[in-house]
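Below are the chains, spelled out letter by letter.
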Amino acid sequence: MHKLQCSEGEAPYLGYRVNIFSVWGPDREACKRLYAKLGDPQNVELDLALYHHEDLLEKLKSYTLTINFKLHASCLSAAASVPFISLGYRFKCIDFGLSAGLSDYVLSTGDPKLRAEILDRVVKIEKEANTIREKFYTHQNRYRELLKKPFYEELL
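Just so it is clear, the structure is predicted and the values come from calculations on it, not from any experiment. (Residues numbered from 1 in each chain as written. Predicted model: local features only at pLDDT ≥ 70, side-chain atom pairs only at ≥ 80, totals over all residues. Heavy atoms only, no water.)

A.B. asks: I'd love a proper account of the packing of helix H3 (residues 71–79) against helix H4 (residues 91–99), names of residues and values included.
C.D. replies: It is the contact of H3 with H4, at a shortest axis distance of 10 Å, that shows an interaxial angle of 15°. Considered as vectors, H3 and H4 are oriented roughly parallel to each other. Regarding H3 and H4, the two cross each other, and that crossing is left-handed. Every residue of H4 that contacts H3 at Leu71, Ser74, Cys75 and Ala78 is listed here: Lys92, Cys93 and Phe96. (Axes fitted to C-alpha atoms, helices over the stretch in contact; angles between N-to-C directions. Helix = DSSP H or I, 4+ residues; strand = E, 2+ residues; numbered from the N terminus. Parallel < 35°, antiparallel > 145°, perpendicular 65-115°, else oblique. Left-handed = near helix turned anticlockwise from the far one by under 90°. Contact = heavy atoms within 4.5 Å.)

Below you can see the structure in the form of structure tokens.
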């Protein structure tokens, strides 16, 4: 486990700026609560816009990583080839992490050391970003072929 500290004047998020956004309208209130709880408008941005998926994919491409509560956000992050940390509140999040070969990046929301685990994964992503992207490409290609199979073999 890495012990991470911020030097004076450094952002308390390992030098990252944080952007909070919603992929579903009803989650806006939760985003507002998180933004207020963080209480750091200098380093944290709240974006309440709901983006078309193509626009959101383009926006995500400029991100180093995402930390997601919703499964859809992790799926979009993977589609944009952006490493993610999924806060696994349901089995579907765990299942997606397993099917993408990234189960180590799915963390339980009930973990009492969640903050430390998130920070540990951020450091790990910094070191392994290219490997994670390769996993995305490998799994995307695999699933793409599986989706084509019924059409090629006229199984419909």
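A.B. asks: Lay out the pattern of salt bridges in plain terms, naming residues and giving numbers.
C.D. replies: This model, assessed by the stated rule, comprises 9 salt bridges. In this structure, the salt-bridge partner of lysine 32 is glutamate 29, at a minimum N-O distance of 3.1 Å. Taken together, the residues span about one helical turn, with lysine 32 and glutamate 29 both in helix H1 (residues 28–38) at a distance of 3 residues. You can call lysine 32 partly exposed: its relative accessible area is 36%. (Salt bridge = Lys/Arg side-chain N within 4 Å of Asp/Glu carboxyl O. Buried < 20%, exposed > 50% of the residue type's maximum accessible area, 1.4 Å probe, protein only.)

A.B. asks: How would you explain the sheet that holds strand E5 (residues 106–108) if you had to name every residue and give the values?
C.D. replies: Hydrogen bonds along the backbone pair up the strands of a sheet, which may run parallel or antiparallel. Spatially, the 3 strands line up as an open sheet ordered E3-E4-E5, and their pairing is parallel. The open sheet has two edge strands with one neighbour each: strand E3 (66–68) and E5. Across the sheet, the mean angle from the axis of one strand to that of its neighbour is 20°, orientation sign disregarded. Summarising the sheet, E3 and strand E4 (residues 84–88) pair through 3 bridges and their orientation is parallel. In the sheet register, isoleucine 67 faces E4, and the bridge partner there is isoleucine 85. (Pairing = 2+ DSSP bridges.)

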